[in-house]
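Below, each chain spelled out in residue letters.
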Amino acid sequence: MSHKLVIARMNRGTAECLCMVLYRENVPEELFLFPRRKKSLLGSIYLGQVEKVSENIGAAFVRISGDQRVYLPLSDSSFALYKTRKKNTVLRPGDELLVQIEKEAMKSKLPRAAARLRLPGKYLVLTAEGPFLNFSRRLAPEEKKRLRKIFERESSPFGIIARTNAGEAPEEELQKELREMKVSMEHILTQGICRPWGTCLYQSAPDWIQEFSRIPLRSLDRIVTDDPEVMEELDRCLAASERTPLSVELYRDSLLPLYRLYSLEALTDSLLCEKVWMKSGGFLVIQQTEAFAAIDVNTGKYDGKKNAEDTVFLINQEAAAEAARQIRLRQLSGVILIDFINMKREELRRSLLSQMKQLTAEDPVKTAVIDLTPLDIMEITRQKERRSLKEQLALLSAGEREEDSHGTDSI
(Lines give C-alpha, C1' and ligand atoms only; values in the text may rest on other atoms or scores of the structure.)
Protein backbone atom coordinates (compact mmCIF):
# COMPACT_ATOMS: atom_id res chain seq x y z
CA MET A 1 0.00 0.00 0.00
CA SER A 2 1.58 3.27 -1.16
CA HIS A 3 1.65 6.20 1.31
CA LYS A 4 2.89 9.72 0.63
CA LEU A 5 3.23 12.67 3.01
CA VAL A 6 3.03 16.27 1.75
CA ILE A 7 4.00 19.18 4.05
CA ALA A 8 3.39 22.53 2.36
CA ARG A 9 3.35 26.20 3.34
CA MET A 10 -0.04 27.80 2.79
CA ASN A 11 -1.97 30.93 3.78
CA ARG A 12 -5.47 30.85 5.27
CA GLY A 13 -6.96 34.28 5.84
CA THR A 14 -4.21 36.40 7.41
CA ALA A 15 -2.35 33.45 8.91
CA GLU A 16 0.49 31.39 7.48
CA CYS A 17 0.33 27.69 8.25
CA LEU A 18 1.84 24.34 7.45
CA CYS A 19 -0.58 21.94 5.78
CA MET A 20 0.34 18.28 6.28
CA VAL A 21 -1.57 15.69 4.25
CA LEU A 22 -1.14 11.92 4.33
CA TYR A 23 -2.14 10.17 1.09
CA ARG A 24 -2.85 6.49 0.59
CA GLU A 25 -2.81 5.47 -3.08
CA ASN A 26 -2.99 9.22 -3.91
CA VAL A 27 -6.22 9.63 -1.92
CA PRO A 28 -6.01 12.07 1.05
CA GLU A 29 -6.47 10.18 4.31
CA GLU A 30 -5.45 12.68 7.03
CA LEU A 31 -5.00 16.45 7.03
CA PHE A 32 -3.50 18.75 9.66
CA LEU A 33 -3.03 22.53 9.80
CA PHE A 34 -0.35 24.05 12.01
CA PRO A 35 -0.20 27.86 12.50
CA ARG A 36 3.38 29.06 11.92
CA ARG A 37 3.37 31.98 14.35
CA LYS A 38 1.63 30.28 17.29
CA LYS A 39 3.58 27.96 19.60
CA SER A 40 1.48 25.10 20.86
CA LEU A 41 1.34 24.26 24.56
CA LEU A 42 0.49 20.64 23.81
CA GLY A 43 2.87 18.21 25.54
CA SER A 44 4.79 20.87 27.49
CA ILE A 45 5.39 20.39 31.24
CA TYR A 46 5.06 23.27 33.73
CA LEU A 47 5.29 23.83 37.43
CA GLY A 48 1.82 25.29 37.96
CA GLN A 49 -0.02 26.85 40.87
CA VAL A 50 -3.57 25.86 41.79
CA GLU A 51 -5.80 28.92 41.55
CA LYS A 52 -9.22 27.43 42.23
CA VAL A 53 -10.72 24.01 43.01
CA SER A 54 -14.25 23.28 41.80
CA GLU A 55 -15.56 20.10 43.42
CA ASN A 56 -18.90 20.35 41.60
CA ILE A 57 -17.25 19.93 38.18
CA GLY A 58 -14.40 17.74 39.43
CA ALA A 59 -11.60 20.02 38.27
CA ALA A 60 -8.93 22.41 39.49
CA PHE A 61 -7.88 25.52 37.59
CA VAL A 62 -4.10 25.80 37.48
CA ARG A 63 -2.11 28.85 36.39
CA ILE A 64 1.04 27.94 34.43
CA SER A 65 2.09 31.49 33.53
CA GLY A 66 0.96 35.04 34.11
CA ASP A 67 -1.80 34.92 31.48
CA GLN A 68 -2.37 31.22 30.87
CA ARG A 69 -4.52 28.83 32.88
CA VAL A 70 -5.37 25.17 32.35
CA TYR A 71 -7.78 22.79 34.01
CA LEU A 72 -6.77 19.59 35.78
CA PRO A 73 -9.31 16.82 36.49
CA LEU A 74 -9.36 16.12 40.24
CA SER A 75 -9.31 12.40 39.49
CA ASP A 76 -5.81 12.91 38.09
CA SER A 77 -4.43 14.79 41.08
CA SER A 78 -3.53 11.63 43.01
CA PHE A 79 -0.65 11.11 40.55
CA ALA A 80 0.72 14.63 40.97
CA LEU A 81 4.27 15.55 41.97
CA TYR A 82 4.09 18.53 44.35
CA LYS A 83 6.78 21.10 44.99
CA THR A 84 6.05 20.74 48.69
CA ARG A 85 5.43 17.13 49.69
CA LYS A 86 1.83 16.65 50.87
CA LYS A 87 0.48 14.30 53.51
CA ASN A 88 -2.62 13.73 51.40
CA THR A 89 -3.66 14.26 47.78
CA VAL A 90 -6.40 16.83 48.37
CA LEU A 91 -5.76 19.83 46.13
CA ARG A 92 -5.99 23.31 47.62
CA PRO A 93 -5.55 26.80 46.14
CA GLY A 94 -1.89 27.77 46.29
CA ASP A 95 -0.56 24.23 45.83
CA GLU A 96 2.30 23.97 43.32
CA LEU A 97 2.58 20.83 41.20
CA LEU A 98 3.88 19.53 37.87
CA VAL A 99 1.34 19.38 35.04
CA GLN A 100 1.56 18.45 31.38
CA ILE A 101 -0.73 19.89 28.70
CA GLU A 102 -2.54 16.94 27.10
CA LYS A 103 -5.33 18.68 25.15
CA GLU A 104 -5.31 22.08 23.48
CA ALA A 105 -7.91 24.78 24.09
CA MET A 106 -11.14 24.18 22.19
CA LYS A 107 -13.60 27.00 21.51
CA SER A 108 -14.11 28.68 24.91
CA LYS A 109 -12.58 25.80 26.86
CA LEU A 110 -9.23 25.97 28.61
CA PRO A 111 -6.40 23.58 27.71
CA ARG A 112 -6.57 20.34 29.68
CA ALA A 113 -3.63 19.29 31.84
CA ALA A 114 -2.59 15.93 33.27
CA ALA A 115 -0.55 15.07 36.35
CA ARG A 116 0.66 11.83 34.74
CA LEU A 117 3.79 12.99 32.93
CA ARG A 118 4.83 11.50 29.59
CA LEU A 119 7.78 12.12 27.28
CA PRO A 120 7.19 11.11 23.64
CA GLY A 121 10.09 9.92 21.52
CA LYS A 122 10.55 8.58 18.03
CA TYR A 123 10.20 4.97 19.15
CA LEU A 124 9.03 5.16 22.77
CA VAL A 125 6.86 7.02 25.24
CA LEU A 126 8.31 7.24 28.76
CA THR A 127 5.94 7.86 31.67
CA ALA A 128 6.67 8.97 35.23
CA GLU A 129 4.49 6.08 36.41
CA GLY A 130 6.03 2.65 36.43
CA PRO A 131 7.67 0.40 36.00
CA PHE A 132 5.63 -1.27 33.23
CA LEU A 133 5.91 -2.13 29.55
CA ASN A 134 3.09 -1.59 27.03
CA PHE A 135 2.92 -1.78 23.25
CA SER A 136 1.22 -0.01 20.36
CA ARG A 137 -1.75 -2.04 19.16
CA ARG A 138 -0.29 -1.83 15.63
CA LEU A 139 2.78 -3.87 16.51
CA ALA A 140 2.81 -7.47 15.35
CA PRO A 141 3.11 -10.28 17.97
CA GLU A 142 6.68 -11.14 16.87
CA GLU A 143 7.68 -7.45 17.15
CA LYS A 144 6.27 -7.27 20.68
CA LYS A 145 8.21 -10.41 21.60
CA ARG A 146 11.49 -8.90 20.35
CA LEU A 147 10.88 -5.59 22.12
CA ARG A 148 9.95 -7.31 25.37
CA LYS A 149 13.32 -9.11 25.40
CA ILE A 150 15.14 -5.80 24.81
CA PHE A 151 13.38 -3.79 27.50
CA GLU A 152 13.19 -6.50 30.15
CA ARG A 153 17.00 -6.22 30.31
CA GLU A 154 16.72 -2.48 31.05
CA SER A 155 16.36 -1.34 34.66
CA SER A 156 13.92 1.58 34.73
CA PRO A 157 11.67 3.07 37.42
CA PHE A 158 9.54 4.53 34.63
CA GLY A 159 6.82 3.13 32.40
CA ILE A 160 7.73 2.35 28.78
CA ILE A 161 5.28 2.35 25.86
CA ALA A 162 6.68 1.04 22.57
CA ARG A 163 5.34 2.99 19.58
CA THR A 164 4.65 1.48 16.17
CA ASN A 165 7.99 2.72 14.80
CA ALA A 166 9.80 0.68 17.47
CA GLY A 167 8.90 -2.49 15.59
CA GLU A 168 11.50 -1.82 12.89
CA ALA A 169 14.09 0.01 15.03
CA PRO A 170 17.52 -1.54 15.78
CA GLU A 171 18.20 -2.45 19.41
CA GLU A 172 21.01 0.11 19.77
CA GLU A 173 18.71 2.97 18.73
CA LEU A 174 16.00 1.85 21.13
CA GLN A 175 18.43 1.67 24.03
CA LYS A 176 19.96 5.06 23.13
CA GLU A 177 16.56 6.76 23.02
CA LEU A 178 15.51 5.14 26.29
CA ARG A 179 18.69 6.34 28.05
CA GLU A 180 18.21 9.90 26.79
CA MET A 181 14.55 9.96 27.80
CA LYS A 182 15.33 8.62 31.29
CA VAL A 183 17.87 11.44 31.78
CA SER A 184 15.26 14.00 30.64
CA MET A 185 12.55 12.59 32.91
CA GLU A 186 14.87 12.46 35.93
CA HIS A 187 15.89 16.09 35.27
CA ILE A 188 12.24 17.20 35.10
CA LEU A 189 11.28 15.40 38.30
CA THR A 190 14.28 16.63 40.33
CA GLN A 191 14.39 20.19 38.99
CA GLY A 192 10.62 20.60 39.03
CA ILE A 193 10.38 20.79 42.78
CA CYS A 194 13.15 23.41 43.00
CA ARG A 195 11.89 25.99 40.49
CA PRO A 196 9.36 28.83 40.93
CA TRP A 197 5.83 28.19 39.68
CA GLY A 198 5.31 29.18 36.06
CA THR A 199 8.57 27.50 34.99
CA CYS A 200 8.39 25.48 31.76
CA LEU A 201 10.36 22.31 32.54
CA TYR A 202 9.88 20.62 29.18
CA GLN A 203 9.13 22.26 25.84
CA SER A 204 7.30 19.98 23.46
CA ALA A 205 8.37 19.56 19.84
CA PRO A 206 6.49 21.59 17.19
CA ASP A 207 2.97 20.32 16.44
CA TRP A 208 3.83 18.94 13.02
CA ILE A 209 6.72 16.86 14.44
CA GLN A 210 4.41 15.38 17.09
CA GLU A 211 1.97 14.32 14.39
CA PHE A 212 4.76 13.09 12.13
CA SER A 213 6.12 10.88 14.91
CA ARG A 214 2.77 9.07 15.05
CA ILE A 215 3.02 7.96 11.41
CA PRO A 216 4.66 4.51 11.05
CA LEU A 217 7.74 5.06 8.87
CA ARG A 218 7.35 1.63 7.32
CA SER A 219 4.07 2.78 5.76
CA LEU A 220 5.68 5.77 4.00
CA ASP A 221 7.21 5.70 0.53
CA ARG A 222 7.71 9.42 -0.10
CA ILE A 223 7.78 12.76 1.75
CA VAL A 224 7.59 16.10 -0.08
CA THR A 225 7.94 19.56 1.49
CA ASP A 226 8.66 23.09 0.28
CA ASP A 227 9.86 24.36 3.67
CA PRO A 228 13.67 24.24 4.25
CA GLU A 229 13.21 24.24 8.06
CA VAL A 230 10.86 21.27 7.83
CA MET A 231 13.33 19.50 5.53
CA GLU A 232 16.10 20.04 8.07
CA GLU A 233 13.96 18.60 10.89
CA LEU A 234 12.97 15.63 8.71
CA ASP A 235 16.62 14.89 8.02
CA ARG A 236 17.29 14.90 11.78
CA CYS A 237 14.28 12.69 12.53
CA LEU A 238 15.19 10.17 9.85
CA ALA A 239 18.97 10.22 10.27
CA ALA A 240 19.03 7.26 12.67
CA SER A 241 16.33 5.29 10.89
CA GLU A 242 17.22 2.21 8.89
CA ARG A 243 13.94 2.46 7.01
CA THR A 244 14.73 2.30 3.28
CA PRO A 245 13.83 3.20 0.64
CA LEU A 246 12.12 6.43 1.73
CA SER A 247 12.28 9.33 -0.70
CA VAL A 248 12.44 12.76 1.01
CA GLU A 249 12.57 15.76 -1.29
CA LEU A 250 12.58 19.54 -0.99
CA TYR A 251 10.20 20.96 -3.59
CA ARG A 252 11.44 24.11 -5.37
CA ASP A 253 9.20 25.78 -7.94
CA SER A 254 8.31 29.45 -7.47
CA LEU A 255 5.84 29.36 -10.37
CA LEU A 256 3.80 26.47 -9.01
CA PRO A 257 3.79 26.32 -5.17
CA LEU A 258 3.45 22.91 -3.59
CA TYR A 259 0.03 23.66 -2.07
CA ARG A 260 -1.27 24.48 -5.56
CA LEU A 261 0.32 21.42 -7.13
CA TYR A 262 -1.70 19.27 -4.70
CA SER A 263 -4.76 21.58 -4.66
CA LEU A 264 -4.59 21.80 -0.87
CA GLU A 265 -6.73 24.95 -0.67
CA ALA A 266 -9.48 23.20 -2.62
CA LEU A 267 -9.13 20.12 -0.41
CA THR A 268 -9.49 22.10 2.83
CA ASP A 269 -12.42 24.06 1.41
CA SER A 270 -14.16 20.83 0.39
CA LEU A 271 -13.89 19.60 3.98
CA LEU A 272 -16.07 22.51 5.08
CA CYS A 273 -18.90 21.40 2.80
CA GLU A 274 -21.73 19.42 4.35
CA LYS A 275 -22.43 17.33 1.24
CA VAL A 276 -19.89 14.71 0.09
CA TRP A 277 -20.58 12.85 -3.15
CA MET A 278 -19.58 9.20 -3.59
CA LYS A 279 -18.59 7.41 -6.81
CA SER A 280 -21.84 5.44 -6.86
CA GLY A 281 -23.91 8.63 -7.02
CA GLY A 282 -24.93 8.46 -3.38
CA PHE A 283 -23.85 11.16 -0.95
CA LEU A 284 -23.21 11.94 2.70
CA VAL A 285 -24.44 14.96 4.64
CA ILE A 286 -22.04 15.77 7.49
CA GLN A 287 -23.10 18.20 10.21
CA GLN A 288 -21.23 19.19 13.37
CA THR A 289 -23.11 20.34 16.44
CA GLU A 290 -21.99 21.17 19.97
CA ALA A 291 -23.14 17.77 21.24
CA PHE A 292 -22.16 15.40 18.40
CA ALA A 293 -21.38 14.98 14.69
CA ALA A 294 -24.10 13.54 12.44
CA ILE A 295 -23.54 11.80 9.08
CA ASP A 296 -26.59 11.02 6.95
CA VAL A 297 -26.34 8.51 4.09
CA ASN A 298 -28.42 9.09 0.93
CA THR A 299 -28.88 7.08 -2.29
CA GLY A 300 -28.71 10.25 -4.43
CA LYS A 301 -28.25 9.49 -8.12
CA TYR A 302 -27.48 5.79 -7.66
CA ASP A 303 -29.28 3.69 -10.30
CA GLY A 304 -28.00 0.18 -9.62
CA LYS A 305 -29.58 -2.71 -11.51
CA LYS A 306 -29.62 -5.12 -8.57
CA ASN A 307 -32.53 -5.64 -6.20
CA ALA A 308 -33.28 -2.93 -3.67
CA GLU A 309 -31.74 -4.71 -0.67
CA ASP A 310 -28.42 -5.32 -2.44
CA THR A 311 -28.42 -1.76 -3.73
CA VAL A 312 -28.88 -0.37 -0.24
CA PHE A 313 -26.10 -2.58 1.13
CA LEU A 314 -23.63 -1.52 -1.58
CA ILE A 315 -24.32 2.17 -0.90
CA ASN A 316 -23.97 1.62 2.85
CA GLN A 317 -20.64 -0.16 2.32
CA GLU A 318 -19.28 2.72 0.24
CA ALA A 319 -20.70 5.21 2.75
CA ALA A 320 -18.96 3.45 5.65
CA ALA A 321 -15.57 3.71 3.92
CA GLU A 322 -16.10 7.37 2.99
CA ALA A 323 -17.43 8.26 6.44
CA ALA A 324 -14.35 6.74 8.11
CA ARG A 325 -12.12 8.78 5.78
CA GLN A 326 -14.06 12.00 6.37
CA ILE A 327 -13.96 11.52 10.14
CA ARG A 328 -10.16 11.43 10.02
CA LEU A 329 -9.79 14.27 7.50
CA ARG A 330 -12.19 16.57 9.38
CA GLN A 331 -10.81 15.44 12.76
CA LEU A 332 -14.28 14.81 14.14
CA SER A 333 -14.37 13.62 17.73
CA GLY A 334 -16.68 12.86 20.62
CA VAL A 335 -19.97 11.18 19.71
CA ILE A 336 -20.50 10.50 15.98
CA LEU A 337 -23.82 9.17 14.65
CA ILE A 338 -24.07 7.71 11.13
CA ASP A 339 -27.60 7.27 9.80
CA PHE A 340 -27.33 4.48 7.23
CA ILE A 341 -30.08 3.51 4.81
CA ASN A 342 -32.33 0.93 6.47
CA MET A 343 -31.56 -2.74 5.84
CA LYS A 344 -33.87 -5.65 6.59
CA ARG A 345 -31.45 -8.61 6.62
CA GLU A 346 -29.59 -9.06 9.88
CA GLU A 347 -26.52 -10.59 8.23
CA LEU A 348 -26.05 -7.43 6.15
CA ARG A 349 -26.31 -5.25 9.25
CA ARG A 350 -23.70 -7.39 11.05
CA SER A 351 -21.43 -7.21 7.99
CA LEU A 352 -21.65 -3.40 7.90
CA LEU A 353 -20.86 -3.17 11.62
CA SER A 354 -17.84 -5.45 11.15
CA GLN A 355 -16.64 -3.39 8.19
CA MET A 356 -16.74 -0.16 10.18
CA LYS A 357 -14.81 -1.75 13.06
CA GLN A 358 -12.08 -2.78 10.61
CA LEU A 359 -11.97 0.71 9.09
CA THR A 360 -11.72 2.51 12.43
CA ALA A 361 -9.02 0.10 13.65
CA GLU A 362 -6.69 1.88 11.19
CA ASP A 363 -7.36 5.25 12.85
CA PRO A 364 -4.40 6.40 15.00
CA VAL A 365 -6.87 8.22 17.27
CA LYS A 366 -8.68 5.89 19.68
CA THR A 367 -12.07 5.15 18.10
CA ALA A 368 -14.83 2.78 19.23
CA VAL A 369 -17.77 1.50 17.18
CA ILE A 370 -20.49 1.06 19.80
CA ASP A 371 -23.49 -0.40 18.02
CA LEU A 372 -25.90 -0.30 15.08
CA THR A 373 -29.40 0.47 16.36
CA PRO A 374 -32.61 -1.13 14.98
CA LEU A 375 -33.06 2.11 12.97
CA ASP A 376 -29.62 1.54 11.38
CA ILE A 377 -27.98 4.44 13.18
CA MET A 378 -24.38 3.59 13.98
CA GLU A 379 -22.91 5.00 17.19
CA ILE A 380 -19.19 5.79 17.24
CA THR A 381 -17.00 7.57 19.78
CA ARG A 382 -13.64 9.12 18.89
CA GLN A 383 -11.22 10.53 21.44
CA LYS A 384 -10.88 14.32 21.52
CA GLU A 385 -7.24 15.27 20.92
CA ARG A 386 -7.41 18.56 19.04
CA ARG A 387 -9.84 21.01 17.48
CA SER A 388 -11.84 19.80 14.51
CA LEU A 389 -10.58 20.96 11.12
CA LYS A 390 -13.57 23.30 10.85
CA GLU A 391 -12.59 25.02 14.10
CA GLN A 392 -8.93 25.21 13.05
CA LEU A 393 -9.83 26.86 9.74
CA ALA A 394 -12.14 29.33 11.47
CA LEU A 395 -9.36 30.37 13.86
CA LEU A 396 -6.83 30.70 11.04
CA SER A 397 -9.24 32.82 8.99
CA ALA A 398 -9.83 35.05 12.00
CA GLY A 399 -6.11 35.43 12.61
CA GLU A 400 -5.97 33.34 15.83
CA ARG A 401 -7.83 35.65 18.20
CA GLU A 402 -6.13 35.87 21.58
CA GLU A 403 -9.21 34.99 23.58
CA ASP A 404 -9.63 31.71 21.75
CA SER A 405 -6.20 30.46 22.76
CA HIS A 406 -6.66 31.27 26.45
CA GLY A 407 -10.23 30.09 26.92
CA THR A 408 -12.44 30.64 29.97
CA ASP A 409 -13.25 28.67 33.10
CA SER A 410 -15.31 26.29 30.96
CA ILE A 411 -14.06 22.72 30.70
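See the structure shown above.
The present account deals with the structure reproduced in this document. Quick caveat, the model's predicted, so the values are computed rather than measured.

**Comments concerning the overall build of the chain**
- Regarding its fold elements, the chain presents 10 helices and 21 strands.
- Relative to the globule expectation of 22 Å for 411 residues, the C-alpha radius of gyration of the chain, 23 Å, shows essentially globular dimensions.
- Dimensions of the chain, computed from the C-alpha atoms along their principal axes, are close to 75 × 55 × 50 Å.
- Looking at the 411 residues of the chain, the share that counts as buried comes to 50%.
- For the chain, contacts bridging at least 24 residues in sequence account for 65% of all contacts bridging at least 6.
- Total accessible area on the chain stands at roughly 20,000 Å², and carbon and sulfur atoms take up 50% of it.
- Here the chain carries 63 positive and 61 negative side-chain charges, and the mean point of each set is 2 Å from the other.

**So, a nonpolar patch on the surface**
- Side chains of Leu255, Leu256 and Leu261 sit close together on the surface and give an oily, nonpolar patch of about 310 Å² of accessible area.
- By the element assignment, leucine 256 lies in the loop between β15 (247-250) and α5 (258-261).
- Judged by relative accessible area, which is 34%, leucine 256 ranks as partly exposed.

**Quick notes on the sheet that holds strand β16 (residues 275-277)**
- Across the sheet, six strands lie side by side as β16-β17-β18-β19-β21-β20; this open sheet has mixed pairing. Each edge of the open sheet is held by one strand with a lone partner, namely β16 and β20 (367-372). Strand-to-strand twist in this sheet, taken as the mean axis angle between neighbours without regard to direction, amounts to 20 degrees.
- As judged from the three bridges shared by β16 and strand β17 (residues 283-288), these two strands associate in the antiparallel manner. Within β17, the residue paired with tryptophan 277 across the bridge is phenylalanine 283.

**Section: helix α4 (residues 228-238)**
- Along α4, the residues that are buried comprise Val230, Met231, Leu234 and Leu238. Here the buried residues of α4 occupy an arc of 100 degrees about the axis, which is enough to place them on one side. For α4, exposure combined with an orientation more than 90 degrees from the buried face picks out Glu229 and Arg236.
- Put simply, aspartate 227 is the residue that caps the front of α4, since its side-chain oxygen is 2.9 Å from the backbone nitrogen of glutamate 229.

**Examining the nonpolar core**
- In terms of nonpolar packing, the biggest core is built from 29 residues, with Leu284, Ile338, Phe340, Met356 and Met378 touching the most fellow members.
- Where this core is concerned, the elements lending two or more residues are β17, β18 (292-298), α7 (308-330), β19 (334-339), α8 (346-361), β20 and β21 (377-382).
- The biggest single contributor to this core is α7, with eight residues.
- When near neighbours in sequence (up to four residues on either side) are disregarded, phenylalanine 340 contacts Val297, Asn316, Ala319, Ala320, Leu352, Met356, Leu372, Asp376 and Met378.
- In terms of nonpolar packing, the next biggest core, distinct from the first, is built from 25 residues, Leu126, Leu147, Leu178 and Met181 among them.

**Quick word on the side chain of lysine 182**
- Summarising the element assignment, lysine 182 is placed in helix α2 (residues 171-192).
- Apart from residues no more than four positions distant in its own chain, lysine 182 is found in contact with Leu126, Ser155, Ser156 and Phe158.

**Some details on the packing of aromatic side chains**
- Taken as a whole, this structure holds four aromatic pairs when the rule is applied.
- Taking 5.7 Å as the distance between ring centres and 40 degrees as the angle between the ring planes, the aromatic pair formed by tyrosine 23 and tyrosine 262 counts as tilted. In this pair, tyrosine 23 sits in strand β2 (residues 15-24) while tyrosine 262 sits in the loop between α5 and α6 (264-270), placing the two residues 239 residues apart along the sequence.
- With a relative accessible area of 6%, tyrosine 23 lands in the buried category.
- Pairing tryptophan 208 with phenylalanine 212 gives two aromatic rings, centres 6.5 Å apart and planes at 55 degrees, and the pair type is tilted. Of the two residues, tryptophan 208 and phenylalanine 212 both sit in helix α3 (residues 207-212), four residues apart, roughly one turn of that helix.
- Relative accessible area serves as the criterion here: at 8%, tryptophan 208 is assigned to the buried category.
- Above the plane of the ring of phenylalanine 79 lies arginine 116, whose end atom (NZ or CZ) is 3.6 Å from the centre.
- The positively charged end of lysine 275 is found above the aromatic ring belonging to phenylalanine 283, 4.5 Å away from the centroid.

What counts, and at which threshold
Residues numbered from 1 in each chain as written. Predicted model: local features only at pLDDT ≥ 70, side-chain atom pairs only at ≥ 80, totals over all residues. Heavy atoms only, no water. Helix = DSSP H or I, 4+ residues; strand = E, 2+ residues; numbered from the N terminus. Rg over C-alpha atoms; globule rule 2.2 N^0.38 Å. Buried < 20%, exposed > 50% of the residue type's maximum accessible area, 1.4 Å probe, protein only. Contact = heavy atoms within 4.5 Å. Areas by Shrake-Rupley, 256 points an atom, 1.4 Å probe, with all protein chains shown as cover. Lys, Arg positive; Asp, Glu negative; His and termini not counted. Charge placed at Lys NZ, Arg CZ, Asp CG, Glu CD. Patch = residues over 30% accessible without salt bridge, like charges linked within 9 Å, V, L, I, M, F, W, Y side chains within 5 Å. Salt bridge = Lys/Arg side-chain N within 4 Å of Asp/Glu carboxyl O. Pairing = 2+ DSSP bridges. Axes fitted to C-alpha atoms, helices over the stretch in contact; angles between N-to-C directions. Arc of directions from axis to C-beta. Polar contact = N/O pair within 3.5 Å; in protein donor to acceptor, adjacent residues only side chain to side chain. Core = buried A, V, L, I, M, F, W, Y, C linked by side-chain atoms within 4.5 Å. Phe/Tyr/Trp six-rings, centres within 6.5 Å; stacked < 30°, edge-to-face > 60°. Lys NZ or Arg CZ within 6 Å of the ring centre and 35° of its normal.

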